[in-house]
Amino acid sequence: MLEYLLKIVSATRTEAEFRAGISVRGGLALRTAAQARALVGGRDFLLPDDVTNLVLPVLAHRLGLARQSSDALEERRTVSAVLKRIVGAIPPPV
């Protein structure tokens, strides 16, 4: 699962739409949030859904677009759409 999470974080760093990708702290925040979600679910292991369901809430506010927009709401929609595309392009572990 850690490799899956790292692929998502790495993909944000090479995405042309973003000014800069997710930092190490952002990746750690995603891991911690996914672990907390698993714990609340009564598990001591992660599932791919633990990571994918938290990508937007944990990472979206950490990303800015390379082309600044005057509309903050539109910028958030674009960031969310790109994150969804990234997560959809990376196959989850089996």
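Parameters and conventions
Residues numbered from 1 in each chain as written. Predicted model: local features only at pLDDT ≥ 70, side-chain atom pairs only at ≥ 80, totals over all residues. Heavy atoms only, no water. pLDDT = per-residue confidence, 0-100. Helix = DSSP H or I, 4+ residues; strand = E, 2+ residues; numbered from the N terminus. Salt bridge = Lys/Arg side-chain N within 4 Å of Asp/Glu carboxyl O. Buried < 20%, exposed > 50% of the residue type's maximum accessible area, 1.4 Å probe, protein only. Expected span 1.5 Å × (residues − 1). Arc of directions from axis to C-beta. Contact = heavy atoms within 4.5 Å. Axes fitted to C-alpha atoms, helices over the stretch in contact; angles between N-to-C directions. Left-handed = near helix turned anticlockwise from the far one by under 90°. Nonpolar A, V, L, I, M, F, W, Y, C, P; charged D, E, K, R; others polar.

**Student:** Explain the confidence of the model for the protein to me, and be specific about the residues and the numbers.
**Tutor:** Confidence along the protein averages 94 in pLDDT terms, with 100% of residues attaining 70 or more. Across the protein, the element-wise mean pLDDT spans from 94 in helix α5 (residues 72-89) up to 97 in helix α2 (residues 24-40).

**Student:** Outline the pattern of salt bridges, listing residues and values.
**Tutor:** Applying the stated rule across the entire model yields 6 salt bridges. Here E3 ties to K7 by a salt bridge, and the two come within 3.6 Å at their closest N and O atoms. In this pair, E3 and K7 both sit in helix α1 (residues 2-14), 4 residues apart, roughly one turn of the helix. Residue class for E3 comes out exposed when judged on its relative accessible area of 56%. Note that D50 is salt-bridged to R37, the shortest N-O span being 2.8 Å. Of this pair, D50 sits in helix α3 (residues 48-52) while R37 sits in helix α2; the two residues are 13 residues apart in sequence, bridging distant segments of the chain. Relative accessible area serves as the criterion here: at 0%, D50 is assigned to the buried category. On the basis of relative accessibility, which here comes to 34%, the residue R37 falls in the partly exposed class. A single network of salt bridges, built from pairs that share partners, joins R37, R43 and D50.

**Student:** Would you mind going over α1 in detail, with residue names and values included?
**Tutor:** Taking 1.5 Å of rise per residue, 13 residues should cover 18 Å, and α1 covers 19 Å from first to last C-alpha, within 8% of that figure. Taken together, the buried positions of α1 are Y4, L5, I8, V9 and T12. End-on view of α1: buried residues confined to an arc of 135 degrees, all on one side of the axis. Of the exposed residues in α1, the ones pointing more than 90 degrees away from its buried face are L2, E3 and T14. Against the buried residues of α1 lie α2, α3, α4 (55-59) and α5.

**Student:** Describe the packing of α1 against α2, and please don't skip the residues or the numbers.
**Tutor:** Axis separation between α1 and α2 bottoms out at 10 Å; the angle between their running directions is 140 degrees. Here the hand of the crossing between α1 and α2 comes out right-handed. Counted together, L2, L5, V9 and R13 of α1 and V24, G27, L30 and R31 of α2 form the full contact between these two elements. Residues that form the contact of α1 with α2 fall into these classes: 5 nonpolar, 1 polar and 2 charged.

**Student:** Explain α2 residue by residue, including any values.
**Tutor:** Relative to the 24 Å expected for 17 residues at 1.5 Å per residue, α2 spans 24 Å between its end C-alpha atoms, a close match to the ideal helical length. Residues of α2 that are buried include every one of G26, G27, L30, A34 and A38, and no others. The buried side chains of α2 occupy one side of the element, clustering within an arc of 115 degrees when seen end-on. Facing away from the buried side of α2 by more than 90 degrees, the exposed set consists of V24, R25, L39 and V40. Tucked inside the fold, the buried residues of α2 contact α1, α3 and α4. Once α2 ends, the next one or two residues include G42, with phi positive near 80 degrees.

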